[in-house]
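# Breakdown of the fold
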Amino acid sequence: AQNIAAAILEEYGKIAAEICDKLYQNNPEEFEKSNIAPIFKLAQMYAVLGIPMVGFTANARVFVEKLAKYLKLSDIFLDIATDETMAGGGKEIAIHHLISILESKGIPIPEGRMIFVGDSLRGDIGTSLTARDKNRGIFGQGILVLKDRSALVEIERQINADSRLRHIADNIDVNAFIVEDVPLDEK
């Protein structure tokens, strides 16, 4: 099943990368209007402050490489782990991989001061708890990216109804980043 899923993801990645190429050739401004633009602005501010940043995604490397090129993510992130990095596990494997990359470049890892940003409490921010089982220094805060206030109300409802989400919320300092509330202008 894992091999079949990996093959499907690889094909999806190739097609998505081709679509990125065509979209960038015909409409490069579409990448600027991305609904995750506020996240990149936040990342740019962190970069100006000298905070080393890495990314991880469950998407295929070929697709991520195109997005990184057209969204200029290599100007912000030191490295991006992809689905291929996570073989044999999940995003918690990517966290350890990325920490190793940073350490190999001589970048100190600030124990207890890591910031996990993502749009999934369980799949992005919560993976830090699993990664912490192998490295007690992996902790800090989470920034949960939500589309609007109704998404905030919904995630609060889910946290109150699901003990696993409650465990994440109780063990990580999580803040909401509501995309709709961030003005996209020159400031």
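Below you will find a few notes about this structure.

With that settled, consider the environment of Asp119. Note on placement: Asp119 falls in the loop between strand S3 (114–118) and helix H6 (121–125). By relative accessible area, which is 60% here, Asp119 ends up exposed. Measuring from C-alpha to C-alpha, the distance between Asp119 and Gln2 comes to 24 Å, with 117 residues separating the pair along the chain. Discounting residues that sit within four places of it in the chain, Asp119 has contacts with Asp124, Leu144 and Val145.

This next bit is on the nonpolar core. Across soluble globular proteins, nonpolar side chains have a tendency to be buried as a group. Residues Met53, Leu73, Phe77, Ile80 and Phe177 are the most contacted members of the largest nonpolar core, which totals 21 residues. Elements represented by at least two residues in this core include exactly helix H1 (2–26), helix H3 (37–48), helix H4 (61–70) and strand S4 (140–146). Discounting chain neighbours no more than four positions away, the residues touching Leu73 are Phe40, Leu67, Ala68 and Ile80. The next biggest cluster of nonpolar side chains, apart from the first, holds 18 residues, and it includes Ile125, Leu129, Ile138 and Leu152.

What counts, and at which threshold
- Residues numbered from 1 in each chain as written.
- Predicted model: local features only at pLDDT ≥ 70, side-chain atom pairs only at ≥ 80, totals over all residues.
- Heavy atoms only, no water.
- Helix = DSSP H or I, 4+ residues; strand = E, 2+ residues; numbered from the N terminus.
- Buried < 20%, exposed > 50% of the residue type's maximum accessible area, 1.4 Å probe, protein only.
- Contact = heavy atoms within 4.5 Å.
- Core = buried A, V, L, I, M, F, W, Y, C linked by side-chain atoms within 4.5 Å.

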